[in-house]
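The residues making up each chain are set out below.
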Amino acid sequence: FELGFSTAYLFAGRRPYFSALGDVTFNNSVAIGALLDLRSAVVYTERSDIQVHVSARVHLPEEGSMVRTNDFAFTFDLYEADNVTPLRCPK
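Residues numbered from 1 in each chain as written. Predicted model: local features only at pLDDT ≥ 70, side-chain atom pairs only at ≥ 80, totals over all residues. Heavy atoms only, no water.

## Brief notes about the side chain of Asp 71
Mapping Asp 71 onto the fold places it in strand β4 (residues 65–78). Judged by relative accessible area, which is 11%, Asp 71 ranks as buried. Side chain to side chain, Asp 71 and His 53 meet in a polar contact 3.2 Å long. Setting aside chain neighbours within four positions, we find Asp 71 in contact with Asp 23, Val 24, Thr 25, Asn 27, His 53, Val 54 and Ser 55. (Helix = DSSP H or I, 4+ residues; strand = E, 2+ residues; numbered from the N terminus. Buried < 20%, exposed > 50% of the residue type's maximum accessible area, 1.4 Å probe, protein only. Polar contact = N/O pair within 3.5 Å; in protein donor to acceptor, adjacent residues only side chain to side chain. Contact = heavy atoms within 4.5 Å.)

## Structural notes on a nonpolar patch on the surface
Taken together, the side chains of Phe 1, Phe 18, Leu 21, Val 24 and Phe 26 define a hydrophobic patch exposed on the protein surface, amounting to about 530 Å² of accessible area. By secondary structure assignment, the location of Leu 21 is in strand β1 (residues 16–26). By relative accessible area, which is 48% here, Leu 21 ends up partly exposed. (Patch = residues over 30% accessible without salt bridge, like charges linked within 9 Å, V, L, I, M, F, W, Y side chains within 5 Å. Areas by Shrake-Rupley, 256 points an atom, 1.4 Å probe, with all protein chains shown as cover. Salt bridge = Lys/Arg side-chain N within 4 Å of Asp/Glu carboxyl O.)

## A short note on the nonpolar core
If you look at the biggest cluster of nonpolar residues, it comprises eight residues: Ala 8, Ala 12, Ile 50, Val 52, Val 54, Phe 74, Phe 76 and Leu 78. The set of elements that each furnish at least two residues to this core consists of α1 (2–12), β3 (49–60) and β4. If we ignore the near neighbours within four places in the chain, the residues touching Phe 76 are Phe 1, Gly 4, Phe 5, Ala 8, Pro 16, Tyr 17, Phe 18, Ser 19, Ser 48, Asp 49, Ile 50 and Val 52. (Core = buried A, V, L, I, M, F, W, Y, C linked by side-chain atoms within 4.5 Å.)

## So, the pattern of salt bridges
If you walk through the whole model with that rule in mind, you get two salt bridges. Here Arg 39 ties to Asp 37 by a salt bridge, and the two come within 2.7 Å at their closest N and O atoms. Note on Asp 37: relative accessible area 16%, which makes it buried. Put simply, Arg 68 and Asp 71 hold a salt bridge, and the shortest N to O gap is 3.8 Å.

## Overview of the sheet that holds strand β2 (residues 35–46)
Overall, antiparallel pairing links the four strands, which are arranged β1-β4-β3-β2 in an open sheet. For this open sheet the edge positions go to β1 and β2, each flanked by a neighbour on one side alone. The sheet shows a mean angle of 20° between the axes of neighbouring strands, direction not considered. Bridge count between β3 and β4: 12 bridges; the pairing is antiparallel. If you follow Ala 56 over to β4, its bridge partner there is Asn 70. (Pairing = 2+ DSSP bridges. Axes fitted to C-alpha atoms, helices over the stretch in contact; angles between N-to-C directions.)

Below, the structure written as C-alpha cells:
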C-alpha cells in the first residue's frame, strides 16, 4: 500500500486519498527474510482517480532468478486541501 500511495502522490503532486482495492493476486508465498522487490506504476487515470499497479517479486540469488509473488491494484482519489471536490489528474 505504501508504495502505491507514494507512486500516486509523486504522479499527482498532491496527497491522494485511498479509494479502493482492486484485484489482489497471490501467486507464491514470501518466506521470512526473503529479498523482496516491489515495483509500481500508474496504469490508469480518469478525472480525479488514479489507479496504481504494484507487483511483488522474491529474488532467489542462489538460482539467479526472481519469482512473482503478488499483484495489487489500488485506486486513489484527489481532493482539494480542505474540500471534498474532486480534482482532475495532471496530464
